Amino acid sequence: MGELYGSTVDEVRRRAGSLAQVASVEASVRSDGPDAGTRRLRLIAGELEVELLPDRGLDIGQVRHRGVPLAWVSPTGWPRPGAAGFGASFGGGLVTTCGLLSFGPPSTDAEGEHPQHGRYSGLAASVTRAEVTDDAVVAEATVVEATVLGAHLELRRRVRLPFGAGRIELRDEIVNRGSRAVEPMVLYHVNLGWPVVDEGSVLRSPAERVRARDADAEAGLASWAEFPAPVAHYPEQVFAHDLPTDRRVHAEVVSRSGLGIRISFDTAMLPGMFQWRVAQEGAVVLGVEPATAATILGRADARAAGLLRALGPGAAWELGLDIDVIRDGSVT
């Protein structure tokens, strides 16, 4: 059983007026601004504080460890879903889920039209559990992506903060509730910002090879691992990381101060990983993006390359990430 500030839960209960002094779940609704009316869940597990976004599929917003922000947050924030396209409503946060039928550029196929990075981040979750247990803070929700007479996918998400670990465990089960096979596509857009990301921050990748998406990325390919100094104009760069197959891997982003993040996942289900880098003043962000298909060029490219996998009626996929805080170069 994990500890809170060096004490077991039983020891905390003997000393604190309420366990809520150090571990809690707080539900709220935003009352002002472009995100007015949207829900928030604030999970606190000792030194770790996590914002969840139920109206965006229970994605993860800002995360703080010992008060220090870890995620990048865009100037759009998180307006009400459906208010604008992806580029005008992508708030960043630690995890934005892309899918469940497509990620990458917009595309059209037999399943219909797919907007940039899919529809998931505009879907509202039904929260089924949010509580403090004897060893963790846990939230669970269900999200449905469906069309009339078309694909019907149900995602069951669990976010767990084990006590004393400085860790976020994100687990998804995707179930095909329809009557025919469907080919899901999912990408976890993990967005890291200052002070984790700054000049000299390093990405440690498990990749066997790193490739540039386009000419802008080609210009930075030789230095993909080290974040550059921010400048006034910096075209975004995207790199594809070719991963070893069927194993547990770790990607780490660590600043010169030793503060960082480790992202762990299984390449049997998430065989792709992409890196998104912008070193522009006012937009310093590094994205690490595990995915179910090793292409960032969209659903049509994934189909042409034979990268889509069928999920039969009633069948399920289990996906997920572990995200650990690094302090002084070591996992907390």
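Residues numbered from 1 in each chain as written. Predicted model: local features only at pLDDT ≥ 70, side-chain atom pairs only at ≥ 80, totals over all residues. Heavy atoms only, no water.

Asker: Let's hear about empty space enclosed by the protein: which residues, and what values?
Answerer: Summed over all chains, the structure comprises four cavities of 30 Å³ or more. Taken as a whole, the largest cavity encloses approximately 50 Å³ of empty space. Around the largest cavity, the lining residues are Leu53, Arg56, Asp59, Trp78, Phe86, Ser89, Phe90, Gly91, Gly92, Thr96 and Ser121. Class assignment of the residues belonging to the lining of the largest cavity gives a composition of four nonpolar, five polar and two charged. (1 Å grid on protein atoms, 1.4 Å probe; cavity = no way out; pocket = protein on both sides within 12 Å on 5 of 7 lines; lining within 4 Å. Points joined across faces, edges and corners; volume = space filled by probe spheres on them. Nonpolar A, V, L, I, M, F, W, Y, C, P; charged D, E, K, R; others polar.)

Asker: Just give me the short version of the side chain of Asp324, but keep the residues and values in it.
Answerer: Position of Asp324 among the secondary structure elements: in strand E21 (residues 316-327). Asp324 sits in the buried class, given a relative accessible area of 5%. Aside from chain neighbours lying at most four places away, what touches Asp324 is Ala165, Gly166, Arg167, Gly260, Ile261, Arg262 and Val331. (Helix = DSSP H or I, 4+ residues; strand = E, 2+ residues; numbered from the N terminus. Buried < 20%, exposed > 50% of the residue type's maximum accessible area, 1.4 Å probe, protein only. Contact = heavy atoms within 4.5 Å.)

Asker: Would you mind going over the side chain of Ser102 in detail, with residue names and values included?
Answerer: Secondary-structure assignment places Ser102 in the loop between strand E6 (95-98) and strand E7 (107-109). Those residues in contact with Ser102 that lie beyond four places of it in its chain are Ser107, His114, His117, Gly118, Met185 and Arg299.

Asker: Quick rundown of the nonpolar core? Include the residues and the values.
Answerer: By size, the foremost hydrophobic cluster in this structure holds 68 residues, and its most contacted members are Val50, Leu52, Ile60, Leu94, Leu161, Ile168 and Ile174. The element contributing the most residues to this core is E21, with five residues. If near-sequence neighbours (up to four positions away) are discounted, Val50 is found in contact with Leu41, Arg42, Leu43, Ile60, Gln62, Val63, Leu161 and Ile168. Listed in part, the 19 residues of the second largest apolar core include Phe86, Val285, Ile296 and Ala302. (Core = buried A, V, L, I, M, F, W, Y, C linked by side-chain atoms within 4.5 Å.)

Asker: Talk me through the environment of Ala136; I want residue IDs and the actual numbers.
Answerer: Within the fold, Ala136 resides in strand E10 (residues 136-146). The exposure class assigned to Ala136 is buried, which follows from its relative accessible area of 0%. Considering only alpha carbons, one finds Ala136 and Gly298, 162 residues apart in sequence, at a separation of 37 Å.

Asker: Let's hear about the pairing of E21: which residues, and what values?
Answerer: Burial within E21 is extensive, with 10 of its 12 residues counted as buried. Sheet topology note: the strand E12 (residues 167-176)/E21 ladder contains nine bridges and is antiparallel. Bridged to Ile174 within E21 is Trp317. In this structure, strand E18 (residues 260-266) lies alongside E21, joined through five bridges in antiparallel fashion. From the neighbouring strand, Ile261 faces E21, where its bridge partner is Val325. Examined bridge by bridge, E21 and strand E22 (residues 330-331) share two bridges and lie antiparallel to one another. Its bridge partner being in E22, Ile326 is matched across the sheet by Val331. The antiparallel hairpin formed by E21 and E22 contains two residues in its connecting segment, where Asp328 sits at a positive phi of about 55 degrees. (Pairing = 2+ DSSP bridges.)

Asker: Before we move on, can you summarise the pattern of salt bridges with the specific residues and values?
Answerer: This structure, assessed with the given rule, holds 33 salt bridges. Residues Glu26 and Arg42 are paired through a salt bridge, measuring 2.7 Å at the closest nitrogen-oxygen approach. In this pair, Glu26 is assigned in strand E1 (residues 23-29) and Arg42 in strand E2 (residues 39-45), connecting sequence segments 16 residues apart. For Glu26, a relative accessible area of 35% puts it in the partly exposed group. Taking the shortest distance from any N to any O, the salt bridge between Asp322 and Arg171 comes out at 2.8 Å. With Asp322 in strand E21 and Arg171 in strand E12, the pair connects residues that are 151 residues apart, well separated along the chain. Accessibility expressed as a relative area gives 11% for Asp322, which makes it buried. The exposure class assigned to Arg171 is partly exposed, which follows from its relative accessible area of 34%. Through salt bridges with shared partners, a single ionic network connects Asp135, Arg160, Arg167, Glu169 and Asp324. (Salt bridge = Lys/Arg side-chain N within 4 Å of Asp/Glu carboxyl O.)

Asker: I'd like a rundown of the layout of surface pockets, residues and numbers included.
Answerer: Sizing a probe to match a water molecule and rolling it over the atoms shows the empty space that remains. Volume-wise, the largest pocket comes out at about 470 Å³. Along the wall of the largest pocket there are 23 residues; nearest its centre are Gln116, His117, His189, Glu236 and Trp276. Looking at the lining of the largest pocket, the elements that each hand over two or more residues are helix H2 (86-89), strand E19 (272-280) and strand E20 (283-291). A per-class count over the lining of the largest pocket returns 12 nonpolar, eight polar and three charged.

Asker: Just give me the short version of the packing of aromatic side chains, but keep the residues and values in it.
Answerer: We describe a pair of aromatic rings using the distance from one ring centre to the other and the angle between the two ring planes. The tally for this structure, following the rule as stated, stands at four aromatic pairs. Here the aromatic rings of Phe86 and Phe90 are separated by 4.8 Å at their centres, their planes lie at 20 degrees, and the arrangement is stacked. Comparing Phe86 with Phe90 shows no difference in burial state: the two are buried. Every member of this aromatic cluster is reached through a ring pair, and the members are Trp72, Phe86, Phe90 and Trp276. Just above the ring of Trp317 sits the side chain of Arg309; from NZ or CZ to the centre is 5.2 Å. (Phe/Tyr/Trp six-rings, centres within 6.5 Å; stacked < 30°, edge-to-face > 60°. Lys NZ or Arg CZ within 6 Å of the ring centre and 35° of its normal.)

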